[in-house]
Amino acid sequence: MVEDDLGGRLRYVRQLHKLSQRELARRAGVTNSTISLIESNTSNPSVGALKRILDGIPISMADFFGLTPTLPKKAFYREDELTEIGKGAVSYRQVGESAFGRALQILKECYQPGADTGVIPLVHDGEEGGIILSGRLEVTVDGERRVLGPGDAYYFESRRPHRFRCIGPVPCEVVSACTPPTF
């Protein structure tokens, strides 16, 4: 639900003001990882911390929580219009400028050889699925591990602990979707 997506709301507002995560962190006097964790809904800031971050934009708490996203009418996106929301060895290129206010998030993912989503499994509300386009991806769900190659797919409830890791010497590309948006 939009009301529960504090991270998506923060990303939406930050991008509306054309600020990078790094610039917002500098203005707010917090670390870049703090902004990243909040935007991924991994960390829930205190009211005081959120106020300090919003002062860096600047936007009031009332305006921040009262904001209703305007969904673009745009239906088509060129490859260079996909929004990068990943970092490092894992690239997540999102269809559309923001997932805030949307029910579905579509990503073109690219994992460099050996890259993964972390040792601690991901757990969040919703469902997700994807199709491997190239390379090999090790997908672990509830402790069950499979190595998927081109044309293989996965689909599961996101509340089940899960992890992704690129296996082999070449990058792995995936097209995925999740609902509700979680990145």
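Asker: Help me understand the environment of Ala99, please; the structure alone is not making it clear to me.
Answerer: Turning to its location among the elements, Ala99 is positioned in the loop between strand 2 (90-94) and strand 3 (105-111). For the pair Ala99 and Glu138, spaced 39 residues apart in sequence, the C-alpha separation works out to 26 Å. Not counting the four nearest positions on each side in its chain, Ala99 is found in contact with Gln94, Gln105 and Pro181.

Asker: Got a minute to help me understand the sheet that holds strand 4 (residues 127-134) in this structure?
Answerer: One key point about sheets: their strands pair by backbone hydrogen bonds, in either a parallel or an antiparallel sense. Read across the sheet, 6 strands follow the order 1-2-3-9-4-7 without closing on themselves; strand pairing throughout is antiparallel. Of all strands in the sheet, those bounded by a partner on one side alone are strand 1 (83-84) and strand 7 (153-157). Two strands pair when backbone bridges link them, and strand 2 and strand 3 are joined in this way by 5 bridges, in the antiparallel orientation. Bridging across to strand 3, Val90 finds its partner in Tyr111.

Asker: I'm lost on the pattern of salt bridges in this one. Help?
Answerer: Here the idea is simple: oppositely charged side chains can pair when their charged atoms come close. Evaluated as defined, the whole model comprises 17 salt bridges. Residue Asp125 pairs with Arg159 through a salt bridge whose shortest N-O separation is 3.0 Å. Placement of Asp125 in the loop between strand 3 and strand 4 and of Arg159 in the loop between strand 7 and strand 8 (162-167) is noted, with a sequence separation of 34 residues between them. Look at Arg159 and you get exposed, because its relative accessible area is 55%. For Arg146, the salt bridge goes to Glu144, with nearest N and O atoms at 2.9 Å. Sharing partners across several salt bridges, the network here consists of Lys74, Arg78, Asp80 and Glu81.

Asker: How do you make sense of the packing of aromatic side chains when you look at a structure like this?
Answerer: Two aromatic rings, taken as a pair, are described by how far apart their centres are and by the angle between their planes. By the definition in use, this model includes 5 aromatic pairs. Between Tyr92 and Tyr111, the ring centres sit 6.4 Å apart and the planes meet at 90°, which makes this aromatic pair edge-to-face. Taken together, the residues Tyr92 in strand 2 and Tyr111 in strand 3 connect sequence positions 19 residues apart. Chaining the aromatic ring pairs together yields one cluster made of Tyr154, Phe156 and Phe164. For Arg9, the ring lying beneath its charged end belongs to Phe64, and the centroid distance is 5.9 Å.

Calculation criteria
- Residue positions are given per chain, counting from 1 as you read along its sequence in written order.
- Only residues with pLDDT of at least 70 get local features here, since the model is predicted, and only at 80 or more are side-chain atom pairs given and counted; chain-wide, interface and lining totals rely on the full set of residues.
- Hydrogens and water molecules were not included; the side-chain quantities draw on all heavy atoms of the structure.
- Helix numbering and strand numbering both begin at the N terminus, where a helix is a DSSP run of H or I of at least 4 residues and a strand a DSSP run of E of at least 2.
- We call two residues in contact whenever any of their non-hydrogen atoms come within 4.5 Å of each other.
- A pair of strands counts as paired when DSSP detects no fewer than two bridges linking them.
- The rule for a salt bridge is simple: a side-chain nitrogen of Lys or Arg has to be within 4 Å of a carboxyl oxygen of Asp or Glu.
- Each residue is assigned to one of three classes by its accessible area relative to the maximum for its type, calculated with a 1.4 Å probe on protein chains only: buried under 20%, partly exposed between the two thresholds, exposed over 50%.
- Pairs were defined over the aromatic rings of Phe, Tyr and Trp, the Trp ring being its six-membered one, requiring ring centres within 6.5 Å. Orientation was assigned from the angle between planes: stacked under 30 degrees, edge-to-face over 60, tilted for the rest.
- For a Lys NZ or an Arg CZ to count as sitting over a ring, it must be within 6 Å of the ring centre and within 35 degrees of the ring normal.

In short, shape yes, function no, at least from these values alone.
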